[in-house]
Amino acid sequence: TASAEIRRDLWPLYHPDALARGPLVQTDLARSLEMIRDGGPDAFYRGPLGRRLVAAATAAGSPLSVEDLAAHRSEWMEPLMLPFGGGVAASFPPPTQGMSALALLGLADGFDLAALEEADYIHVLVEAIKLAFADRDRHLTDPAAMTVMPTELPAPERLARLRGRIGRRRAMAPEAA
């Protein structure tokens, strides 16, 4: 089962007890990143690393093929950005869910999270997640078909209005967000 595989493969690496023993060292990942550094995109999309990735994906039941990787073409996209924590948070635009991550940051940023009791802290974040995911469910699609500009959704003024819907003593129904 998936949960048994997670326990077997991931718990030894990411379980809090394992992390308490010291830094997480991922030598295979480091070697993969070095291959990409040294060989560029071809090392990933057309080289041995890509072939290993396809073999692992195939073993897991994926239809991914080496031809799929070789045919991939990346496009440059302007990131979505949001002022945050004295700097700027950036994420990928649609069709990714980056706008949801930025919305969550922007919604939560209006609260003094460090001063909240644990229950209030969790409540505020859950309510912010409901609002961010409601936007995602309502608006996120192929960028060519979106009826709202992706930059409008995490706009600070809009997030401030949405933040006003978060009450510390009441929960919104998910579908009402």
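To keep things clear, this report deals only with the structure shown in the data block. (Residues numbered from 1 in each chain as written. Predicted model: local features only at pLDDT ≥ 70, side-chain atom pairs only at ≥ 80, totals over all residues. Heavy atoms only, no water.)

### Some points on the packing of aromatic side chains
At step 1: Taken as a whole and assessed by the stated rule, the structure comprises one aromatic pair.
At step 2: Both rings, one in Phe44 and one in Tyr45, keep their centres 4.9 Å apart while their planes meet at 85°; by these two values the pair is edge-to-face.
At step 3: For Tyr45, a relative accessible area of 22% corresponds to the partly exposed category.
At step 4: The ring of Trp11 has Arg7 lying over it, and the distance from NZ or CZ to the ring centre is 5.5 Å.
At step 5: Over the ring of Phe133 we find Arg136; its NZ or CZ atom is 4.1 Å from the centre of that ring. (Phe/Tyr/Trp six-rings, centres within 6.5 Å; stacked < 30°, edge-to-face > 60°. Buried < 20%, exposed > 50% of the residue type's maximum accessible area, 1.4 Å probe, protein only. Lys NZ or Arg CZ within 6 Å of the ring centre and 35° of its normal.)

### Regarding the environment of Arg158
At step 1: Inspection of the secondary structure assignment puts Arg158 in helix H9 (residues 156-163).
At step 2: In this structure, the C-alpha to C-alpha distance between Arg158 and Leu107, residues 51 residues apart in sequence, is 9.6 Å.
At step 3: Not counting chain neighbours up to four residues away, the residues in contact with Arg158 comprise Asp135, His139, Glu152 and Leu153. (Helix = DSSP H or I, 4+ residues; strand = E, 2+ residues; numbered from the N terminus. Contact = heavy atoms within 4.5 Å.)

### Here we look at the packing of helix H7 (residues 98-109) against helix H8 (residues 118-139)
At step 1: Packing of H7 against H8 leaves a shortest axis separation of 9 Å and a crossing angle of 145°. Pair H7 / H8 crosses with right-handed handedness. On H8, the residues that touch Met99, Ser100, Ala103, Leu104, Leu107 and Ala108 of H7 are Leu125, Ala128, Ile129, Leu131, Ala132, Phe133, Asp135, Arg136 and His139. (Axes fitted to C-alpha atoms, helices over the stretch in contact; angles between N-to-C directions. Left-handed = near helix turned anticlockwise from the far one by under 90°.)

### With respect to the packing of H7 against H9
At step 1: Between H7 and H9, whose axes approach to 9 Å, the crossing angle comes to 65°. The handedness of the crossing between H7 and H9 comes out as right-handed. Between H7, through Leu102, Ala103, Gly106 and Leu107, and H9, the contact on the second element is made entirely by Leu159, Leu162 and Arg163.
At step 2: Considering only residue class, the contact of H7 with H9 consists of five nonpolar, one polar and one charged. (Nonpolar A, V, L, I, M, F, W, Y, C, P; charged D, E, K, R; others polar.)

### A word on the nonpolar core
At step 1: In terms of nonpolar packing, the biggest core is built from 20 residues, with Leu107, Leu131, Leu159 and Ile166 touching the most fellow members.
At step 2: Residue assignment for this core shows that the elements contributing at least two residues are strand E1 (80-84), H7, H8 and H9.
At step 3: In this view, Leu107 contacts Ala128, Leu131, Ala132, Leu159, Leu162 and Arg163; residues no more than four positions away in its chain are not counted. (Core = buried A, V, L, I, M, F, W, Y, C linked by side-chain atoms within 4.5 Å.)

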